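# Coordinate analysis (summary)
Below are the chains, spelled out letter by letter.
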Amino acid sequence: MSNTAEGTRPAAPPNPADSIASPTGIVRHGHESLIAQPSTFLLPRGPTRAMAEKPLTALDKDQQQGLKSIREFLKVRTSYDVLPLSFRLVILNTDLLVKKSLNILLQNGIVSAPLWDSHTSTFAGLLTTSDYINVVQYYWQNPDALNQIDQFRLSSLRDIEKAIGVDPLETLSVHPMRPLYEACRQMLKTRARRIPLVDVDDETKREMVVSVITQYRILKFIAVNVDQTELLKKSVSEIGLGTYGNLQTASMDTPVIDVIHMMVKYSISSVPIVDESNHVLNVFEAVDVIAIIKGSAYDEITTSVGEALGKRAEDFAGIYTCSEEDRLDSIFDTIRKSRVHRLVVIDEENRLRGVISLSDILQYVLLQGEDED
Ligand code: AMP
């Protein structure tokens, strides 16, 4: 499989053997030295430059058209459009005990909920698995506090964040009637995997949480509604989709707490579980933490990954894999048909090659070839 990245490498400066750029930016040619001008670092003009820019192939053009169609679609649809005709929204009061919030999430089969401060009648951020992971880390660092677990309320999450030195609870939100494109850009900017839709009630002028949209919902919405995803025929390796270096993995025997530390340290929501030959056996996900700590079993976090994965709910969506030769159109096809939250990239012998998260797909679809601004 060819890698188009080769074709986009910047051209080398003229006579590279003669030119050495020093850390001070002075380029020396033989014995004479000259101050580097900004143009020194630009691609050479004229025929050499034309040669550096390969003409677009039919595949390139289709890919560009596919991306353009998705972006146009996201600009004319609102976040409100993503919501199903009928849906349920669980909002938790910040006075609620952390322990009870966990049971509510589990009973409702959800992994996040907007928080409401009834003292100020305002939206107080989004409760996610990261918050429970913070609580686990807090108890790990302060084992003596374990007997206080039953008294912690959702309003104390901020103190826990401060105590363990992590970023505060995300209070970012978007208006449901703004273009969906904006919600996507906000998510990529803040690395949030979900974003609450907050409106203002016409009568009371108070904030009103309408729903929460996730990267998963948005990608499914695109997959179902944009036929031009069929044009995205470039393979995962051709477009460099996902992460392939410095992959964080664990084994079935790794203690869950070590995997949790890994997820916090590298800001990742999953860790592939591999054997000694790097064959993929499973994937530990941030949402798995909720089932493990149910019943206030925070001190059970020393269990192994293998035991923890045995506690997964029966309706677990499963692990999705793909190869580096798979094309983006087939990934969208899978997103359309299944509950995919990430794809593990494997080789023909089931060995780990990389991870493609939904944020990688969203990032590519929104920003590939665009000016960063
Ligand atoms: P996620 O937390 O799944 O949204 O992923 C955030 C970023 O980290 C994405 O660019 C992923 O490709 C990357 N990533 C996800 N899981 C891992 C992992 N286990 N090791 C290294 N990078 C990862």
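Residues numbered from 1 in each chain as written. Predicted model: local features only at pLDDT ≥ 70, side-chain atom pairs only at ≥ 80, totals over all residues. Heavy atoms only, no water.

Per an unreviewed UniProt entry, the protein chain goes by the name 5 -AMP-activated kinase subunit gamma and belongs to Hyphodiscus hymeniophilus.

## Description of the overall build of the protein chain
Condition: Note on conventions: DSSP H or I runs of at least 4 residues are helices, E runs of at least 2 residues are strands, and numbering of each starts at the N terminus. In what follows, residue pairs with any heavy atoms lying within 4.5 Å of each other are defined as contacts. Where accessible areas are quoted, they stem from the Shrake-Rupley method and a 1.4 Å probe; at the residue level, only the protein chains shown are allowed to cover.
Scanning the protein chain from N- to C-terminus turns up 14 helices and 13 strands. Counting contacts in the protein chain only where the partners sit at least 6 residues apart, residues at least 24 apart contribute 64% of the total. Per element, the accessible surface of the protein chain, about 20,400 Å² overall, is 50% carbon and sulfur.

## Digging into the pairing of strand β12 (residues 342–346)
The condition is simple: Think of it in three bands: with a 1.4 Å probe and only protein chains considered, a residue is buried below 20% of the maximum accessible area for its type, exposed above 50%, and partly exposed in between. Paired strands, in this sense, are two strands between which DSSP finds at least two bridges. Orienting the strands away from the viewer, one traces the path from the first strand over the helix to the second; a clockwise path indicates a right-handed crossover.
By the criterion of burial, β12 is predominantly enclosed, with five of the five residues buried. Residues Arg-342, Val-344 and Ile-346 of β12 are buried on one face, and the alternating residues Leu-343 and Val-345, pointing to the opposite face, are buried as well. Relative to β12, strand β11 (residues 321–322) runs parallel, the two sharing two bridges. From the neighbouring strand, Cys-322 faces β12, where its bridge partner is Val-345. Traced from β11 through helix α13 (residues 328–337) to β12, the parallel crossover comes out right-handed. Pairing geometry for β12 and strand β13 (residues 352–357), over five bridges, is antiparallel. Residue pairing across strands places Leu-343 opposite Ile-356, the latter belonging to β13. The hairpin turn running from β12 into β13, its antiparallel successor, is five residues long, and Asn-350 in that turn takes a positive phi close to 70°.

## Topic: the nonpolar core
Rule in force here: Buried Ala, Val, Leu, Ile, Met, Phe, Trp, Tyr and Cys residues form a nonpolar core when they are joined through side-chain atoms within 4.5 Å. Where each domain begins and ends is defined by an automated method or by a domain database.
Leu-74, Phe-332 and Ile-361 are the most contacted members of the largest nonpolar core, which has 46 residues in total. With seven residues, the single largest contributor to this core is helix α14 (residues 358–367). Split by domain, the residues of this core number at least three in each of domain 1 (16–77 + 227–372) and domain 2 (79–221). In this view, Phe-332 contacts Ile-70, Leu-219, Ile-222, Ala-223, Thr-229, Leu-232, Ile-361 and Val-365; residues no more than four positions away in its chain are not counted.

## Regarding the sheet that holds strand β4 (residues 92–93)
With respect to topology, three strands assemble into an open sheet ordered β4-β5-β6, the strand pairing being mixed. A strand with exactly one partner marks an edge of an open sheet, and here the two such strands are β4 and β6 (122–127). Where β4 and strand β5 (residues 113–117) come together, two bridges link them in parallel fashion. Directly across from Asn-93, in β5, lies its bridge partner Trp-116.

## Regarding the confidence of the model for the protein chain
The criterion, for reference: Confidence per residue, as judged by the predictor, is encoded in pLDDT with a range of 0 to 100.
Across the protein chain, the average pLDDT comes to 83, with 83% of residues at or above 70. Confidence, read as mean pLDDT per element, is least for strand β2 (residues 26–29) in the protein chain (30) and greatest for β13 (98). In this model residues 1–46 is a low-confidence stretch, pLDDT under 50, and it forms 37 contacts with partners more than four residues away in sequence or in other chains.

## A short note on the site of the ligand
To be explicit about the condition: When at least one non-hydrogen atom of a residue lies within 4 Å of a molecule or strand, that residue is treated as near it. In protein, a polar contact requires one atom able to donate a hydrogen and another able to accept it; more generally it is a pair of N or O atoms within 3.5 Å, and residues adjacent in sequence count only if both atoms are side-chain atoms.
The immediate surroundings of the ligand are formed by 14 residues, with Arg-193, Thr-243, Gln-248, Ser-269 and Asp-360 found nearest. Contacts to the ligand include Val-355, whose backbone N or O atom sits 3.5 Å from an oxygen atom. Within the side chain of Ser-357, an N or O atom sits 3.5 Å from an oxygen atom of the ligand. Coverage of the ligand by the protein amounts to 88% of the 480 Å² it exposes when considered alone.

## Comments concerning the environment of Ile-260
Looking at where Ile-260 falls in the secondary structure, it is placed in helix α10 (residues 256–266). Residue classification places Ile-260 among the buried positions, given a relative accessible area of 0%. As for Ile-260 and Val-136, which are separated by 124 residues in sequence, their C-alpha atoms are 8.6 Å apart. In contact with Ile-260, other than residues within four places in its own chain, are Ile-133, Val-136, Gln-137, Val-289 and Ile-301.

## Points about the pairing of β5
The buried fraction of β5 amounts to four of the five residues, a majority that puts the element mostly inside the structure. Across four bridges, the pairing between β5 and β6 is antiparallel. Paired with Ala-113 across the strands is Leu-127, a residue of β6. Turn length for the β5-β6 hairpin, with the two strands adjacent in sequence and antiparallel, is four residues, and the turn residue Ser-121 shows positive phi of about 55°.

## Some remarks on the side chain of Ser-304
Within the secondary structure layout, Ser-304 lies in the loop between α11 (288–293) and α12 (305–309). Residue class for Ser-304 comes out buried when judged on its relative accessible area of 15%. The contacts of Ser-304, once residues within four sequence positions are left out, are Met-252, Asp-253, Thr-254, Pro-255 and Val-256.

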